[in-house]
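# Observations on the three-dimensional arrangement
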Amino acid sequence: MSIFLDTGKISEVERFMEMGIIRGVTTNPTILLKDGVTGGMAGVRKQSIQIAKMIEPYPLSVEVTNNDPRGMLDQAREFAQWAENIVVKITIHGPEGELENLEVVHRLETEYDVRINVTAMMSAQQCFLAALAGASYVSIFGGRVNNMGYNVCDEIIKLRNVLDQFELKSKIIVASTREILNVIEWLEAGGHIVTVLPALLEGMVVHPYSKETVKMFLDDAARL
Ligand code: E4P
């Protein structure tokens, strides 16, 4: 079980790597845009290579930027050349439910030896099929599922059971964190990994009562 950092910011990756608490990084086009990456594909390449180098041998997930089967295949193969620890993210299907994505995933994993993280999934059944297609990682979007009124823990429990039962190698990444309690809750439910926003990770460390206790120790140490 481990924690990945859900960010495109170099400074955040550096901060949490130095603390020794993260075992990978995930990005997507929305995160990269929000974190100030510009310059089109050249910008994505530069940022990805820098992050991949900082965290090696841990994995960095980088998402393809189109939904054309040929385009996804070519782009995934290109991303995989940027660094050995790059994992390529491909969505479970296209914006209109196009089904070619799983075929692309299967080919990349079996013919081209590219590690794939199938993303944007909201249910155990979607993740199960992505795992059967050969994905190294299956990402279920916990916060989005909860926002639809379902408890993602139920999906994680079911998914972990079927993956273990069928002896599938895919690792479950629970993504889309919204609250600090998501991390332990989703790992406890059976997620192999939770990818966490930097602000939430910081919030996990700091506790008001710990602050007060440390202050007491320091004040009393001064009075000794
Ligand atoms: C990470 O792999 C996901 O892309 C990310 O956590 C999605 O987060 P969101 O649901 O807040 O967009």
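The sections below set out a description of the structure shown in this document. (Residues numbered from 1 in each chain as written. Predicted model: local features only at pLDDT ≥ 70, side-chain atom pairs only at ≥ 80, totals over all residues. Heavy atoms only, no water.)

This part is about the environment of Pro 198. In this structure, Pro 198 sits in helix H10 (residues 198–205). Taking C-alpha positions, Pro 198 is 29 Å from Leu 163, a pair spaced 35 residues apart along the chain. The contacts of Pro 198, once residues within four sequence positions are left out, are Leu 5, Asp 6, Thr 7, Glu 12 and Phe 16. (Helix = DSSP H or I, 4+ residues; strand = E, 2+ residues; numbered from the N terminus. Contact = heavy atoms within 4.5 Å.)

In this structure, Val 25 sits in strand S2 (residues 25–26). Of the residues examined, Val 25 reaches a relative accessible area of 0% and is grouped as buried. Each C-alpha atom, one on Val 25 and one on Met 1, is 14 Å from the other, the two residues being 24 residues apart in sequence. (Buried < 20%, exposed > 50% of the residue type's maximum accessible area, 1.4 Å probe, protein only.)

This next bit is on the side chain of Glu 12. Take Glu 12: it is sitting in helix H1 (residues 10–19). Separated by 3.1 Å, the side chains of Glu 12 and Arg 15 make a polar contact. For Glu 12, the contacting residues outside a window of four places in its chain are Leu 5, Thr 7 and Pro 198. (Polar contact = N/O pair within 3.5 Å; in protein donor to acceptor, adjacent residues only side chain to side chain.)

As a further point, take the packing of aromatic side chains. Under the counting rule described, the total for this entry stands at 3 aromatic pairs. Judged by centre distance (4.5 Å) and plane angle (35 degrees), the ring pair of Phe 79 and Trp 82 falls under tilted. One end of the pair, Phe 79, and the other, Trp 82, are both in helix H4 (residues 69–82), 3 residues apart, so they sit about a helical turn from each other. Among the residues examined, Trp 82 registers a relative accessible area of 11% and is labelled buried. (Phe/Tyr/Trp six-rings, centres within 6.5 Å; stacked < 30°, edge-to-face > 60°.)

Strands sit in the order S1-S2-S3-S4-S5-S6-S7-S8 around a closed barrel of 8 strands; the barrel is parallel. Here 4 bridges tie strand S1 (residues 2–6) to strand S8 (residues 193–196), and the two strands are oriented parallel to one another. When the bridges of S8 are listed, Phe 4 appears paired with Thr 195. Contacting S2, strand S3 (60–63) and strand S4 (86–91), helix H3 (residues 40–55) crosses the sheet at an angle of about 165 degrees to S3. (Pairing = 2+ DSSP bridges. Axes fitted to C-alpha atoms, helices over the stretch in contact; angles between N-to-C directions.)

Taken together, Asp 6, Thr 26, Asn 28, Lys 89, Phe 141, Arg 144, Ala 175, Ser 176, Arg 178 and Thr 195 make up all the residues around the ligand. Within the side chain of Arg 144, an N or O atom sits 2.6 Å from an oxygen atom of the ligand. Measuring from an oxygen atom of the ligand, one finds a side-chain N or O atom of Ser 176 at 2.7 Å. With the chains in place, 87% of the 350 Å² that the ligand exposes on its own is no longer accessible. For the shell around the ligand, the class distribution of residues is 2 nonpolar, 4 polar and 4 charged. (Near = heavy atom within 4 Å. Areas by Shrake-Rupley, 256 points an atom, 1.4 Å probe, with all protein chains shown as cover. Nonpolar A, V, L, I, M, F, W, Y, C, P; charged D, E, K, R; others polar.)

Purely geometric numbers; function is a separate question.
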